[in-house]
Amino acid sequence: MRHLELANLSKLFGSTRAVHELNLHVDRGEILSILGPSGCGKTTTLRMIAGLEPPTSGSILSNGRDITTLPARLRNMGMVFQNYALFPHLDVFENIAFGLKTRRLDAATVEQRVSKALGAVRMQEYERRSVHQLSGGQQQRIALARALAIEPEVLLLDEPLSNLDPSLREELRDQIRSIIREFEVTTVFVTHDQQEAFALADRVAIMEAGICRQVGKPAEVYNRPADAFVAGFLGKANLLPGRFVGLDDGVTVMVRPENVVLGKRDGRTFEAFVGQAVMEGAIVQYTLDYNGTRITARTFHHGAPTYQPGDSVAISFPADCYHVLPKS
Amino acid sequence: MIALIVLLVLIIGVLYPNAFTFIRSFFPAGSLSFDTYLHFFATPSSREAFTNSLLISVATVILSAAIGIPLAFLFHRYEFRGRSVLRAIAAAPVLLPPLVGVISVLFLYGESGVISRGIQMAFGLAKPWPNLHGLSAILFVHAYSMYVYFLMFVSAGLDRLDSAMEEAAETLGASGFTKLTRVTLPMLVPSLVGASLVTFMSSMASFSAPYIFGGGIRVLAVEIFNSKLNGNIPMALVETVLLAMSSLSVLFVLRWYEGRRKYSSVGKGVASRRTVITSNAAKVVAFAVGSIAVLFLLLPHLMVVVMSFVKDGTWTTEWLPPSYTAENYIRLFHDPAFFEPIRNSLWMSAVATAANLVWGLVATFWLRRRKDNLRRFADLLIVLPWALPGTVVALSMVESFSTVLAGTVILLPFVYFIRNLPLVVRAIDASFAQIDPSVEEAAATLGSTTAYAIRRIMLLLVLPGVIAGSLLAFITALGEFVSSIIVYVYSNRPISIEILSQLRQFNLGTASAYGVLLIILIAVTLLAGERLRSPGRDPLVQ
């Protein structure tokens, strides 16, 4: 069932096109990630859903109701800001209670909802702390608790992990995922990090220059990108010129580096030269040269790179692991 | 050695005079006695001066806040035609030297003021209106000149405010009013406290307005001057101590309050966008209100300029001054007797500022390497001349140096020097604080000796702050009136004193010509400062 729907949504800042004719929907309980490089319009989209930015044209529907012109305060969208935007003059409890008090709930309900939210983020004992005494990860969880406490229609997360240490990110990512699942809340979150998007989302929408390039399940968009941009944005991709046998038109074939098979002579193989072999830890990345075409391959290793620069190696692409990009 | 010189100046110039005044106030006739204090509080007129000072200051804070806060929001939140011009002109009252602003208001809104008479004629009133005098005139001058503190503090606060805070409140269901009262204003508390503090203390210290408009309104700052004039030194000392104590206690209470809570936002902030006024009706209203505001703000400046061309002694009962001439200006520069005050103000301000500059640099270099009680002691003494009213500083110094410096031409520049210490030190300090410590370390790793590093790197980097602080000190000294009137001798009478004496002789044109000269000197100095600072500013400063 469609919970949130964006129809032909556009936003112009002066003459700059931030979002163009965007069509997206989020089902009830679904987690949608909007992924894209900075300046692609993903945050603007999120802000339009929250009601913080009026769209230039198009409409936003929540539960089938048009909320395009509804002010932010009446939308009941729980938003977690990139810098958390915790009120510095209020303590943790008061921060979370803020949205409940504006709804004029009685003290007992406020108390009960705040402790439920704090429990969900596992920070009950911090109720009376000042927000200045919290670490970045803790502030992040309080911001999440504040957004969840109002029992929002849709939870909106703006780059929720970008201000955190890399070591903390993965841990918090998993926590957020389980919290969202626990609350069964429809979620839209914005990120520029492909791993984060894949790990959290049921579906991913990839945006570039204000245009939505592709929407789909993580595996779908990764393995079957709609175009060269999506292919390259979601990870390393070899984009190789190819041609269907018997047809004259050239096509582009995408093969992920981890799908390039080295040293096996079954099926159709090519001879390539090893240009570089870089040991990256768990894997080795080879830069190969085939008749002037550069091909990147990533493989596991057994202690040391199997091939050295200058070696000749047989490469092949398993039939189910390449994808012909549609003509643009 | 350096420490000794730095401290000696503070001890002689700040600690000694204030300690002297404080102790001496309890020894009116050589032995310990509270008689003068008892006498002060037993005299209704003295009590009245004390409560008047406090009440006027509270009223000034309220009025200034009522004007300054909405204006700050208007400039910060809305985009309209002429916004940046109006924003710049809003600070115009700062350009008026204290005494000049007061006499200009007198010319405009006083009993025979142009506006008062104009309104009387236009509406056929029996009496001039608004006919500002006494309390209303004092409050008008205070609000006109001090609302700028609220405008500046609140604007700075709004600049620092992360727009995500208000947006977060919106998404949590807060209405405009809730947002303002529960999020925006609480987060502006440090700015509001700062502005209230500065306004209150400036108002307590205010001398020119109550002195000129006084009427029946007694205030402490003027009472000190009168007591001294009447030769009642013990009473002057007691009044000085009381004025100093009230200013300082307000400072401490507000500082303590401010220190209790933290308000700065925890993450890095995003500035908000201005709402563009689009509706035509609103545009017209904004433009009209803006134009009236500009006119109102610049009217005092304009009035002094007009008055400076009025032939002395010609303007009596007419609505507008009847005859105009350039002779006021010609006299200023051709008659040595008229030029002398200008020369005096220039050399005294220059000497005081040069001393401020040298001492300020040495003191900040020395102070910032220390983190001990000596530093706290020095910091306290440096801030004192800023926190204390000019009348207090001047009277303390003139009384404590009565046997050595009083009556010499050197005392007044020394008073300027002491009063401007905090200004210069703070400006230099601020530039030091902006410098990344690694710059100094980098100089060291590149093999420069400390002295060389300091000379070449640090001096260059603090230059903007040094220039800004010195220029501010120079223009403050140039127009100084409050302490000058207590300390000056005939041979070093500064411009402000000459303005007053010309005013007394009803030479309104000559008095105004001096005023215009001061405004021009101040404006030119400020512009030169901007010029000097802007090219290649902040090259290595974070």
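Presented here is a report on the structure given in the accompanying data block.

Calculation notes
- Residues numbered from 1 in each chain as written.
- Chains lettered and ligands numbered in written order.
- Predicted model: local features only at pLDDT ≥ 70, side-chain atom pairs only at ≥ 80, totals over all residues.
- Heavy atoms only, no water.
- Helix = DSSP H or I, 4+ residues; strand = E, 2+ residues; numbered from the N terminus.
- Contact = heavy atoms within 4.5 Å.
- Areas by Shrake-Rupley, 256 points an atom, 1.4 Å probe, with all protein chains shown as cover.
- Lys, Arg positive; Asp, Glu negative; His and termini not counted.
- Charge placed at Lys NZ, Arg CZ, Asp CG, Glu CD.
- Phe/Tyr/Trp six-rings, centres within 6.5 Å; stacked < 30°, edge-to-face > 60°.
- Lys NZ or Arg CZ within 6 Å of the ring centre and 35° of its normal.
- Patch = residues over 30% accessible without salt bridge, like charges linked within 9 Å, V, L, I, M, F, W, Y side chains within 5 Å.
- Salt bridge = Lys/Arg side-chain N within 4 Å of Asp/Glu carboxyl O.
- Buried < 20%, exposed > 50% of the residue type's maximum accessible area, 1.4 Å probe, protein only.
- Buried area = accessible area lost by both parts, 1.4 Å probe.
- Polar contact = N/O pair within 3.5 Å; in protein donor to acceptor, adjacent residues only side chain to side chain.
- Nonpolar A, V, L, I, M, F, W, Y, C, P; charged D, E, K, R; others polar.
- Pairing = 2+ DSSP bridges.
- Expected span 1.5 Å × (residues − 1).
- Axes fitted to C-alpha atoms, helices over the stretch in contact; angles between N-to-C directions.
- Parallel < 35°, antiparallel > 145°, perpendicular 65-115°, else oblique.
- Left-handed = near helix turned anticlockwise from the far one by under 90°.
- Disulfide = S-S within 2.5 Å.
- Arc of directions from axis to C-beta.

### Looking at the overall build of chain B
Item 1. For chain B, the count of helices and strands is 24 helices and two strands.
Item 2. By sequence separation, contacts in chain B at least 24 residues apart represent 77% of the contacts at least 6 residues apart.
Item 3. Surface summary for chain B: the accessible area is close to 24,700 Å², and the carbon and sulfur share equals 68%.
Item 4. The distance from the centre of the 39 positive side-chain charges to the centre of the 28 negative ones in chain B is 5 Å.

### Things to note about the packing of aromatic side chains
In this description, a pair of aromatic rings is defined by centroid distance and the angle of the planes.
Item 1. As enumerated under the stated definition, the model contains 27 aromatic pairs over all chains in all.
Item 2. By way of ring pairs, the aromatic residues Y16, F20, F401, F414 and F417 of chain B are connected into one cluster.
Item 3. The lysine or arginine in question, R256 of chain A, covers the ring of Y222 of chain A, its NZ or CZ lying 4.0 Å from the ring centre.
Item 4. Sitting above the plane of the W386 of chain B ring, R426 of chain B keeps its charged end 4.9 Å from the centroid.

### Structural notes on a nonpolar patch on the surface
Residue and element names in this part refer to chain B.
Item 1. On the surface, M121, L302, V305, V306, F309, W319, L320 and Y324 cluster together into a nonpolar patch covering about 740 Å² of accessible area.
Item 2. No other element matches the three residues that helix 14 (residues 280–308) contributes to the nonpolar patch.
Item 3. Within the fold, W319 resides in the loop between helix 14 and helix 15 (327–334).
Item 4. When its relative accessible area of 37% is taken as the criterion, W319 is described as partly exposed.

### Digging into the interface of chain A and chain B
Item 1. Listed per partner, the contact involves 28 residues of chain A and 27 residues of chain B.
Item 2. Of the roughly 2,400 Å² buried at the junction of chain A and chain B (both faces included), carbon and sulfur atoms supply 61%.
Item 3. Our count for the chain A to chain B interface comes out at one salt bridge.
Item 4. Here R47 of chain A makes a salt bridge to E167 of chain B, at a shortest N to O gap of 2.7 Å.
Item 5. At the junction of chain A with chain B, the criterion picks out six residue pairs in polar contact (both at pLDDT 80 or more).
Item 6. At four residues, helix 2 (residues 92–102) of chain A tops the list of elements feeding residues into the side of chain A that touches chain B.
Item 7. Of the residues belonging to the side of chain A that touches chain B, the class tally is 15 nonpolar, seven polar and six charged.

### Re the pairing of strand 17 (residues 312–316) of chain A
In summary, the side chains of a regular strand alternate between the two faces of the sheet.
All names here are of chain A.
Item 1. Most of strand 17 sits inside the fold, with four of its five residues counted as buried.
Item 2. Across two bridges, the pairing between strand 13 (residues 261–262) and strand 17 is antiparallel. Each residue of the ladder has a partner; that of V261, found in strand 17, is S316.
Item 3. Where strand 14 (residues 270–279) meets strand 17, four bridges bridge the pair, whose relative direction is antiparallel. Following the sheet pairing, E271 is matched in strand 17 by A314.

### A few points about the pairing of strand 15 (residues 283–290) of chain A
Residue and element names in this part refer to chain A.
Item 1. For strand 15, the tally of buried residues reaches six of eight residues, placing the bulk of the element in the interior.
Item 2. Pairing geometry for strand 14 and strand 15, over six bridges, is antiparallel. Residue pairing across strands places V278 opposite Q285, the latter belonging to strand 15.
Item 3. Following strand 14, the chain reverses through three residues before pairing antiparallel with strand 15; G281 in that reversal takes a positive phi of roughly 110 degrees.
Item 4. The pairing of strand 15 with strand 16 (residues 293–300) spans eight bridges and is antiparallel. By the bridge assignment, Q285 is partnered in strand 16 with R298.

### Some points on helix 9 (residues 176–187) of chain B
Item 1. In a regular helix each residue adds 1.5 Å, so twelve residues correspond to 16 Å; helix 9 of chain B covers 15 Å between its end C-alpha atoms and thus fits that length.
Item 2. Turning to helix 9 of chain B, its buried residues number three or more, namely T178, K179, V183, T184, P186 and M187 of chain B.
Item 3. The inward-facing, buried residues of helix 9 of chain B abut helix 2 of chain A together with helix 3 (44–77), helix 7 (134–160), helix 8 (163–171) and helix 10 (189–205) of chain B.

### Looking at the sheet that holds strand 15 of chain A
Item 1. Pairing in this open sheet of five strands is antiparallel, and the strands run 13-17-14-15-16 (chain A) from one edge to the other. Edge positions in the open sheet fall to strand 13 and strand 16 of chain A, since each of these has one partner strand only.

### Overview of the pattern of salt bridges
Item 1. This model, assessed by the stated rule, comprises 24 salt bridges over all chains.
Item 2. With a shortest N-O distance of 3.3 Å, R2 of chain A and E5 of chain A are connected by a salt bridge.
Item 3. Measuring nitrogen to oxygen at the nearest pair gives 2.8 Å for the salt bridge that ties D227 of chain A to R213 of chain A. Here D227 of chain A, found in the loop between helix 7 (218–223) and helix 8 (228–233), pairs with R213 of chain A, found in strand 10 (residues 211–216); they are 14 residues apart in sequence, far enough to count as distant.
Item 4. Connected through salt bridges with shared partners, the residues K311, D312, E327 and R331 of chain B form a single ionic network.

### A closer look at the packing of helix 1 (residues 2–24) of chain B against helix 16 (residues 336–367) of chain B
All names here are of chain B.
Item 1. The interhelical angle for the contact between helix 1 and helix 16, taken along N-to-C directions, is 120 degrees, at an axis separation of 10 Å. By the criterion of interaxial angle, the relationship of helix 1 to helix 16 is oblique. As helix 1 packs across helix 16, the resulting crossing turns out to be left-handed. Listed contacts from helix 16 to I2, A3, I5, V6, L7, V9 and L10 of helix 1 are W359, V362, A363 and W366.

### Some details on the sheet that holds strand 9 (residues 203–208) of chain A
Residues and elements named next belong to chain A.
Item 1. In space, the six strands of this open sheet follow the order 6-7-8-3-9-10, with mixed pairing throughout. Among the strands making up the open sheet, the edge pair consists of strand 6 (77–80) and strand 10. For this sheet, the mean inter-axis angle between neighbouring strands, taken without regard to orientation, is 20 degrees.
Item 2. Bridge analysis of strand 3 (residues 31–35) against strand 8 (residues 186–191) gives five bridges, and the strand direction is parallel.

### Notes on the state of the cysteines
Residues and elements named next belong to chain A.
Item 1. Scanning all chains against the criterion turns up zero disulfides over all chains.
Item 2. C40 forms no disulfide, and the closest cysteine sulfur to it belongs to C212, at a distance of 9.7 Å.
Item 3. Residue classification places C212 among the partly exposed positions, given a relative accessible area of 22%.

### Considering the side chain of T187 of chain A
Residue and element names in this part refer to chain A.
Item 1. Within the secondary structure, T187 sits in strand 8.
Item 2. Using a relative accessible area of 0% as the deciding quantity, one classes T187 as buried.
Item 3. The contact partners of T187, leaving out residues within four places of it in the chain, are V26, E30, I31, L32, V154, L155, L157 and I180.

### Examining unusual backbone geometry
Keep in mind that most residues, glycine aside, have a negative phi and that most peptide bonds are trans.
Residue and element names in this part refer to chain B.
Item 1. For the bond running from W129 to P130, omega is 10 degrees, close enough to zero to count as cis.
Item 2. Along the chain, P130 turns up in the loop between helix 6 (114–123) and helix 7.
Item 3. Notably, N131 is not glycine yet its phi reads approximately 50 degrees, a positive angle.
Item 4. For N131, the position within the fold is in the loop between helix 6 and helix 7.
Item 5. The backbone of F506 shows a phi angle near 60 degrees, a positive value even though the residue is not glycine.
Item 6. Tracing the backbone shows F506 in the loop between helix 23 (495–504) and helix 24 (508–533).

### Observations regarding the side chain of T510 of chain B
Item 1. Within the secondary structure, T510 of chain B is located in helix 24.
Item 2. Contacts of T510 of chain B, omitting those with residues within four sequence positions, involve D312, N328, R331, L332, F338 and Q502 of chain B.

### Points about helix 3 (residues 107–120) of chain A
All names here are of chain A.
Item 1. The end-to-end C-alpha distance of helix 3, which contains 14 residues, comes to 20 Å, matching closely the 20 Å that a straight helix rising 1.5 Å per residue would cover.
Item 2. All of the buried residues in helix 3 are V110, R113, V114, A117, L118 and A120. In a view along the axis of helix 3, the buried residues occupy a sector of 155 degrees, so they form one face of it.
Item 3. Elements that come into contact with the buried residues of helix 3 comprise helix 2, helix 4 (136–149) and helix 5 (166–183).
Item 4. Downstream of helix 3 by a residue or two, R122 has a phi angle that is positive, lying close to 55 degrees.

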